Amino acid sequence: MADVLEDSRDKVQENLLANGVDLVTYITRFQWDMAKYPIKQSLKNISEIISKQGTQIDNDLKARASAYNNLKGNLQNLERKNAGSLLTRSLADIVKKEDFVLDSEYLITLIVVVPKTAYPEWQKTYESLSEMVVPRSSHLLFEDNESGLFSVTLFRKAIDDFKHKARENKFTVRDFQYNEEEMKADKEEMNRLSTDKKKQFGPLVRWLKVNFSEAFIAWIHIKALRVFVESVLRYGLPVNFQSMLLQPNKKNMKKLREVLNDLYKHLDSSAAAIIDAAMDIPGLNLSQQEYYPYVYYKIDCNLLDFKT
């Protein structure tokens, strides 16, 4: 979501909703979705339903992200060609047909990048860098903060010698031939990619919103399943336990652990000393250090923190 929204990353949070509400609200009002995950089915079946749903979302996301990122990457490559140093950038938007001697059997126009500090040196020496340079044929076509783009016309047979001498004088001859069809094709390709990206943007953001919600809801149902299973395993049947949500401030965490330990230590005498819990990663078994006399799972709603 953050990658797709690019310049509007500040809007990511408002798009991360579950069932149309913010994540904390969804969790505090959580009710088991009987339609999606019928409780008459076995725990194994319910778990498999959620797992298949998660896998489907993941596969769809990979396919959609790959297609969008390829498009975005191709567009960025073309944009990079039209920006940056005069030594490497595309010249399609800079040069014009009238800047060149075209369709001549003997003459050719070269494009040379000259550092700004070397303008006087260029004007003084370009005609004598090699034989057969057309006098007064050099013109400044474009400049940026560091360099200028000059044209120069010479006889074709002198190209190699001119390039060699230019390089010795810190002038860079661009490997460029004016081709109107190629430049037109590049512009059309950029317009096409830009249009395609805009077309895909809206549907992709909508898909991400819907499926983030689906994935988050499934995740919370997994949490509920884990609480149920772990409570039965610990405290036995018939089922007799109460689950609840606690949202302490960070500074109260240690005190809360102490209070909970005092309240419930009689439930499990083997529970180790209270140690602050590390982040709960789905699918990872709790380590010994995170074992408490009560069943505990962490739900982290600050999902954007993982992106920093």
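Look above for the structure.
Residues numbered from 1 in each chain as written. Predicted model: local features only at pLDDT ≥ 70, side-chain atom pairs only at ≥ 80, totals over all residues. Heavy atoms only, no water.

### Things to note about the pairing of strand β2 (residues 139-143)
Then, number 1: With four bridges joining them, β2 and strand β3 (residues 147-155) adopt antiparallel strand pairing. Bridging from a neighbouring strand, His139 pairs with Ser151 of β3.
Then, number 2: What sits between the antiparallel neighbours β2 and β3 is a turn of three residues. (Pairing = 2+ DSSP bridges. Helix = DSSP H or I, 4+ residues; strand = E, 2+ residues; numbered from the N terminus.)

### Description of the sheet that holds β3
Then, number 1: Sheet architecture is open: four strands sit in the order β2-β3-β1-β4, paired in antiparallel fashion. One side of each edge strand has no neighbouring strand; the edge strands of this open sheet are β2 and β4 (172-174). Each strand of the sheet is rotated relative to its neighbour by a mean of 35°, with strand direction disregarded.
Then, number 2: Both strand β1 (residues 107-115) and β3 contribute to a ladder of nine bridges, which runs antiparallel. By the bridge assignment, Thr109 is partnered in β3 with Thr153.
Then, number 3: Sheet contacts for helix α6 (residues 159-168): β1, β3 and β4; angle to β3, the most-contacted strand, approximately 150°. (Axes fitted to C-alpha atoms, helices over the stretch in contact; angles between N-to-C directions. Contact = heavy atoms within 4.5 Å.)

### Let's talk about helix α7 (residues 180-235)
Then, number 1: End to end, α7 covers 79 Å across 56 residues, agreeing with the expected 82 Å (1.5 Å per residue, within 8%).
Then, number 2: Residue Phe201 marks the point of greatest curvature in α7, where the axis turns by about 30°; the proline Pro203 follows within four residues.
Then, number 3: Here α7 starts with a cap whose side-chain oxygen sits 3.1 Å from the backbone nitrogen of Glu181, and that cap is Asn179.
Then, number 4: Positive backbone phi, approximately 80°, marks Gly236, located one or two places after α7. (Expected span 1.5 Å × (residues − 1). Bend = angle between axes of the 7 residues up to and from the residue. Polar contact = N/O pair within 3.5 Å; in protein donor to acceptor, adjacent residues only side chain to side chain.)

### Some remarks on the environment of Pro293
Then, number 1: Tracing the sequence through the fold places Pro293 in the segment after α8 (253-264).
Then, number 2: For the pair formed by Pro293 and Phe228, sequence separation is 65 residues and the distance between their alpha carbons is 15 Å.

### With respect to unusual backbone geometry
Then, number 1: Cis rather than trans, the peptide bond between Leu237 and Pro238 has omega equal to -5°.
Then, number 2: Its location among the elements puts Pro238 in the loop between α7 and α8.
Then, number 3: Here Asp103, not a glycine, exhibits a phi torsion of approximately 60°, which is positive.
Then, number 4: Relative to the helices and strands, Asp103 is located in the loop between α4 (43-81) and β1.
Then, number 5: One non-glycine residue, Arg136, adopts positive backbone phi at about 55°.
Then, number 6: Looking at where Arg136 falls in the secondary structure, it is placed in the loop between α5 (119-125) and β2.

### Section: the packing of aromatic side chains
What characterises a pair of aromatic rings is the spacing of the ring centres plus the angle enclosed by the ring planes.
Then, number 1: Under the counting rule described, the total for this entry stands at 16 aromatic pairs.
Then, number 2: Look at Tyr26 and Phe30: their rings are 6.1 Å apart centre to centre, the planes differ by 75°, and that puts the pair in the edge-to-face class.
Then, number 3: Owing to a relative accessible area of 9%, Tyr26 belongs among the buried residues under this scheme.
Then, number 4: With a centroid separation of 6.0 Å and an interplanar angle of 25°, the aromatic rings of Phe212 and Phe216 are classed as stacked. With a gap of four residues between them, Phe212 and Phe216 both fall in helix α7, about one helical turn apart. The exposure classification of Phe212 matches that of Phe216, with both residues buried.
Then, number 5: An aromatic cluster of three or more residues is present, and its members are Tyr119, Trp122, Tyr126, Phe150, Phe162 and Phe171.
Then, number 6: The lysine or arginine in question, Arg257, covers the ring of Tyr292, its NZ or CZ lying 4.1 Å from the ring centre.
Then, number 7: A cation sits over an aromatic face here: Arg257 above Tyr296, 4.2 Å from the ring centre. (Phe/Tyr/Trp six-rings, centres within 6.5 Å; stacked < 30°, edge-to-face > 60°. Buried < 20%, exposed > 50% of the residue type's maximum accessible area, 1.4 Å probe, protein only. Lys NZ or Arg CZ within 6 Å of the ring centre and 35° of its normal.)

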